[in-house]
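Listed below, chain by chain, are the residues.
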Amino acid sequence: MSRSGQARIAEKLTILNDRGVGLLTRLYDLKKTLANAETRPEVFTDKSLDSVIKALEGKKFPNIGSNYSSQINVKAKNAILQTLHQHYFTLVDMIEFKDNVGELLVIIDANQIHFDISLNFDLTKRYLDLVATYVSMMLMLSRITDKRALLGLYNTAYEMQNSQQESSFPRMAQLVLDYQDVPIKKMCEEFVPHVKCLTYALLSLKSIYQRRDLSADKWRSQQYLSVIAEPNKLMEPARSETVPCEYLSIDIMQRWVILGFLVIHQQLAESNALELWKQALTSGWVVQIWRDEVLHVHVYVERYFEKLKGYEKRAKEVKDAHQKALVESPVFHKDRRKFLRMALREMNLLFIDQPGLLGPKSMLAFIMLSHARDEIHWLLRHADNLPQVKGKAKPNPEDLNDRHLPELLFYIEELRGLVRKYSQVLQRYYVQYLKGYDLAELTQVVSGLADIGEDDSHILSTISHALDDLTVTQVVEGAEFDFNGIRLDWVRLQAYTSIPKSHLPLSKNRGLAKLLNTIIFHTKMVDFVDEILNETSDLSLYCFHTTLFEQQFRQCMEFPAQHRYSVAFPLICAHFLTTVHDDLCPEERQSIGQTSVQYCNWFLKEMSDEVNQVITAICEEQVMLNDKVLPKHCVQKFLLDSRRPGQGRRKNQRTQSFKTPGEESKRRLREEFSKLDKLHMALTELCYALNYSTVIQVWGHGFVPREFFIHNLEARFNKALPGMLMHTQENDIIAKPSEVLSGVRAMMDVLQTLEDYIQIDVSRIFNNVLLQQTQPVDGYIGEPTFTQKYTNWYLEVLLRHVSMGHIIYSPLQKAFVSLSSEEKLPFSAEEFSDVRELRALSELLGPYGMRHLGEQLMYRVALQINELKALVIANKSTLAQIRTSFEKPDTMAELTKKLENADNVLQRLTIIGMLLSFRHMLQEVLYDSMVAHAPFLMSSIKDFSDNVPTGSDKIYVNEMAGSAGFECSVDPLLVAAIRNQKPEPNEDQYNIACLLMVFIAVALPKRASVASSTFEPNLQGHSNNTHCIAKAINQLAQAMFLVHSPDNDVEARLKEFLALASASLLRLGQENEKEVIRTRESVYLLLHIIVQESSVLSMDLLESCFPYALLRHAYSAVTGHNNTSSNR
């Protein structure tokens, strides 16, 4: 037959294979759509069509009569035509495909093409692929439910609309009937004319299949796929007589053999065919139809053979092969997976160290990937489709549950990444190889050919010219290579030279076939690397075995030894879209793309959560270890050491119960692993996984594993910090700031070490999270922070007990000191308010948090000021008379008695003084903290504050300085709080402020009658915090007259106050009642404290109003009283 009469066999095989894959994908999609209740077309659930559907599914199909068609109304007809149109014409396209395949197979038989996988590889592969696709398509058709109803409903609706049945319906109906029950029977009849060609093609696989389908033990003995097996040949290129067959999938070959001999089972009478068939049957108990659709081949074939006459022996052979597959194949493949793990690891390490070896050893890399991919596919299919028969022979479930599978997946992804990363190495190597060696050998071989045809000569010369045009410069300049034309020409030449009457029969020119197959592989290394990677290592099958995918990932996260390989799972999600057929089934892209993105997101989130759990556990351990070295734990050791000798046995027992910090680090053996060792090991492995890939590209989405980790770490760190306070509302207990700060620093030390494991900026995490703790509410989930909880505790718990008289403020100790017993006070005030604790508090809250705490303090001060103003207004007239009569003792005495709520004024003033004293303490520790952390900033603020001119700008500078901890003449927060107060209607605020100072001055002697007003020299304060009034008077005067006085006459007002207060206190010397003057000397000292606190008043001014001899006597009396009390 002439070449024009060969009807372009190569082109048709290529086109039909691609179309067959697309149609098989559409049939698979149709099957899943009809089987799923959520995606099933609504016409199948329409109750008005139940009788029609039952008739179509009955024995009368396709002739159901006109009675049923009348039950379909216009609305149902339109719905049928609209929803079933695509599904119906999927089956129409299958009819067309079936016709084209049959026509092409007839042409191939007529041309007597000789198929040999070792010679015309591409032609034979396309032929066997077409046969396997055709058989799979017919098997898939037989599995589609409701196909009769689909065809019948659409044809009936079409006939109602067009008054004639759809033209393809009769053939499709017959096809459905033929392939309904036993589709293999019909296919066997169809392939009778094609037995010879198909047999030759299948038998050509025998040597290749048997050579490659070996056990792991034989692979080890042969040092199979070892790059370093022969060190002296390390730089030599890997060669083979059948290069493309070396990385051909064993899985595909098994599918060809099983499905191929299934349709020509009469050829199993030959020994070669039977031997090949049996070997393929023992490889497993299922064979893939498409994606996750499988055929339990032994059960299916055995039932079919039992119905054939004279096939009892064949059925027995299939049954024996089934038993052997159940028992031996799981162990066989388990050993191969173990071998491939080690071999892939060795190869990856070698290529990482010497990427240049990828050039000569690339074929070994693709063979390795092909084997690994086959083993994973085998495991997925068989683990998801357990045997259907019951018997003694059963596979061991442990052999189908591979805990080390993530390691194999990781090595596959690592090798794929290396090939992509060093693709230019491959290009440079093979461009030189093609031009320097292959071209010369091709020229030599072609020159030795005799009687070569014109077309063959033209193809060979075209290949030679294409190789001759190659240069290394093209690789350096990044030129795009395209050898598709050469490869297609070679397939055409295979078709031309595989017929008996060819001028250049390949069977007699094996050297040419070997060389051209090798050249084609080399061209693929230049421009077809990604496609070869997909061909040899595509794992998109996981998209259809999602249950196993999730199970294997969870198992990986539960097995610490496999943690570092967990990154393989999100990387595999990038494979999913390779299974989409964009031409014939583009609608799948959306659903598969979403699946890949969802799983990638879930995997990375779970990995990040696992790392964070490990980090949290490490932090907890470190916080516990850090807590053990706190001073409070030394007491037990001191008590044990100071115990008197005697009762030695008991003492030794007690000493042994106390573990000195650091003992946990002592080890007797290196093999002993502590909990921290295991946690750090897990952290190392997990961080390796997160740090492995910078970006994972999945369906146009870029996933950055480190960002997942950072986001989750910030959220967990932010959530863990407030929990360290251990705050309970029931007993008002909270952790001391110093202990919390110590714990936070321990956690920060742990997090800082993360930079040794993974490339992240931990300081960014600290800035984001710790800055949130300086605000009242965090910005992540709106939970209370350090600032909010400590502010509430200090104001609502500590200062409330101060106002109740349980705690005294000591200027000497710069702390609040507890006076009550532990029964009345559940905590020790000194442990929460001394300089050390407040400095720790300032470190935790920072300037922002301390400002919030100061604002809350001033808010409470403002509330007390409002109450004081109310009391002043209630006594306004009396106070006005007192202000003008302070030089008339008798009048003053009478007016003072008329004042109401004088004790209330002093009590509220004491509360204000206590709040302002706490504010002063906070400012001092904030200043120390800021100087330690930002000395240059503090020096700039100080210089700015010292040199700003007096005026309106001074207020803003003071606010800045106050936020940094500088002590200002007037507290800016107090000024702001007073300014924000609502003024009383019809009242002069300046006058009220003046009268308030008068009220305070004349009310001070009231404290002399209070027994708790005793001055304590060892604390430098009064027992009832009367000394806090001094700070309240000075701060209130400064702030109120700054706000309300037009002239800011604070100095004049304080002098007026001092004169009134001195006159009032001096009158105490004329009192004879002991109840009135029981703490007179202690109250005298208040006047001295007021002057000391003031920046306006001076001791000279005090001397002019109040005799200093009285103050000396008061100090002497107080000190003597205190000593007497101590002696008692």
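Residues numbered from 1 in each chain as written. Predicted model: local features only at pLDDT ≥ 70, side-chain atom pairs only at ≥ 80, totals over all residues. Heavy atoms only, no water.

Caption draft 1: Molecular detail of the overall build of the protein chain. Counting secondary structure elements, the protein chain contains 49 helices and 8 strands. Its C-alpha atoms put the protein chain at 145 × 80 × 70 Å along the principal axes. Residues counted as buried form 53% of the 1128 residues belonging to the protein chain. In the form shown here, the protein chain has an accessible surface area of approximately 51300 Å², with 50% of it arising from carbon and sulfur atoms. Looking at the protein chain, you have 124 positive and 137 negative side-chain charges, and the mean spots of the two groups are 6 Å apart. (Helix = DSSP H or I, 4+ residues; strand = E, 2+ residues; numbered from the N terminus. Buried < 20%, exposed > 50% of the residue type's maximum accessible area, 1.4 Å probe, protein only. Areas by Shrake-Rupley, 256 points an atom, 1.4 Å probe, with all protein chains shown as cover. Lys, Arg positive; Asp, Glu negative; His and termini not counted. Charge placed at Lys NZ, Arg CZ, Asp CG, Glu CD.)

Caption draft 2: Fine view of the pattern of salt bridges. Enumeration according to the criterion identifies 55 salt bridges in this entry. Between R8 and E11 there is a salt bridge whose closest N-O contact spans 3.6 Å. One salt bridge in this structure joins D971 and R919, with 2.9 Å as the shortest N-O distance. With D971 in the loop between helix 42 (952-963) and helix 43 (972-979) and R919 in helix 40 (residues 902-933), this residue pair connects regions lying 52 residues apart in the sequence. Here D971 matches R919 in class, with each residue buried. One network of salt bridges, with partners in common, ties together K31, K32, R143, D292 and E293. (Salt bridge = Lys/Arg side-chain N within 4 Å of Asp/Glu carboxyl O.)

Caption draft 3: Geometry of the packing of helix 26 (residues 546-558) against helix 28 (residues 588-628). The N-to-C vectors of helix 26 and helix 28 enclose an angle of 15°; their axes lie 11 Å apart at closest approach. If you check the angle between helix 26 and helix 28, you find them roughly parallel. Note on packing geometry: the crossing formed by helix 26 with helix 28 is right-handed. Here T546, F549, E550, F553, R554 and M557 of helix 26 lie close against helix 28, whose contacting residues are Y599, W602, F603, E606, M607 and E610. Among the residues forming the contact of helix 26 with helix 28, the class breakdown is 7 nonpolar, 1 polar and 4 charged. (Axes fitted to C-alpha atoms, helices over the stretch in contact; angles between N-to-C directions. Parallel < 35°, antiparallel > 145°, perpendicular 65-115°, else oblique. Left-handed = near helix turned anticlockwise from the far one by under 90°. Contact = heavy atoms within 4.5 Å. Nonpolar A, V, L, I, M, F, W, Y, C, P; charged D, E, K, R; others polar.)

Caption draft 4: Quick peek at empty space enclosed by the protein. Following the criterion strictly, the structure yields 6 cavities of 30 Å³ or more and no others. When its volume is computed, the largest cavity comes out at roughly 120 Å³. Broken down by element, the residue count for the lining of the largest cavity peaks at 4 residues, all from helix 40. Looking at the lining of the largest cavity residue by residue, the class counts come to 5 nonpolar, 4 polar and 4 charged. Looking at the second largest cavity, its volume works out to about 80 Å³. Surrounding the second largest cavity, 13 residues form its lining, D251, Q254, S283, V286 and V287 being those nearest its centre. (1 Å grid on protein atoms, 1.4 Å probe; cavity = no way out; pocket = protein on both sides within 12 Å on 5 of 7 lines; lining within 4 Å. Points joined across faces, edges and corners; volume = space filled by probe spheres on them.)

Caption draft 5: Region of the structure containing the layout of surface pockets. Taken as a whole, the largest pocket holds about 1800 Å³ of empty space. Around the largest pocket, the lining is made up of 44 residues, and of these V21, K125, D129, I252 and E535 lie nearest the centre. Elements represented by at least two residues in the lining of the largest pocket include exactly helix 1 (9-35), helix 6 (121-143), helix 14 (250-263), strand 1 (287-290), helix 18 (362-384), helix 23 (484-496), helix 24 (510-527) and helix 25 (529-537).

Caption draft 6: Representation of the nonpolar core within the structure. Membership of the largest hydrophobic core comes to 368 residues, with the highest contact counts inside it found for Y127, W277, Y542, L754, F816, F918 and L1004. Once residues within four sequence positions are removed from consideration, Y127 is found in contact with L13, L105, I108, F115, H194, C197, L198 and A201. (Core = buried A, V, L, I, M, F, W, Y, C linked by side-chain atoms within 4.5 Å.)

Caption draft 7: Layout of the state of the cysteines. Under the definition given, this model contains 0 disulfides. With no disulfide of its own, C687 lies closest to C619 among cysteine sulfurs, the gap being 12 Å. Its sulfur unpaired, C994 is 17 Å from the next cysteine sulfur, which belongs to C1105. Judged by its relative accessible area of 2%, C994 falls in the buried class. (Disulfide = S-S within 2.5 Å.)

Caption draft 8: Structural view of the pairing of strand 5 (residues 807-810). Burial along strand 5 is two-sided: I807 and Y809 and I808 and S810, pointing in opposite directions, are all buried. Taken together, strand 5 and the strand that follows it, strand 6 (residues 815-818), pair antiparallel across an intervening segment of 4 residues, in which K814 is found at a positive phi of about 50°. (Pairing = 2+ DSSP bridges.)

Caption draft 9: Focus on the packing of aromatic side chains. Per the counting criterion, the structure on display carries 49 aromatic pairs. An angle of 45° between the planes, with centres 5.8 Å apart, marks the rings of Y599 and F603 as tilted. Placement of both Y599 and F603 in helix 28 is noted, with a separation of 4 residues, approximately one turn of the helix. Neither residue differs from the other here; Y599 and F603 are each classed as buried. Seen in terms of ring centroids, Y790 and Y794 are 6.2 Å apart; in terms of plane orientation they differ by 40°. Their pairing is tilted. In this pair, Y790 and Y794 both sit in helix 35 (residues 786-803), 4 residues apart, roughly one turn of the helix. Y794 shares its class with Y790; the two are buried. Positioned over the ring face of F528 is R487, at 4.6 Å from the centre of the ring. The positively charged end of R564 is found above the aromatic ring belonging to Y688, 4.0 Å away from the centroid. (Phe/Tyr/Trp six-rings, centres within 6.5 Å; stacked < 30°, edge-to-face > 60°. Lys NZ or Arg CZ within 6 Å of the ring centre and 35° of its normal.)

Caption draft 10: Region of interest: helix 37 (residues 835-874). For helix 37, with 40 residues, the first-to-last C-alpha span of 41 Å runs short of the 58 Å given by 1.5 Å per residue. G846 marks the point of greatest bend in helix 37, at about 105°, and the proline P847 comes within the next four residues. (Expected span 1.5 Å × (residues − 1). Bend = angle between axes of the 7 residues up to and from the residue.)

Caption draft 11: Structural view of the pairing of strand 6. Residues of strand 6 alternate between two faces, with A815 and V817 on one and F816 and S818 on the opposite face, all of them buried. By the bridge criterion, 4 bridges tie strand 5 to strand 6 in an arrangement that is antiparallel. What sits directly across from S810, in strand 6, is A815.

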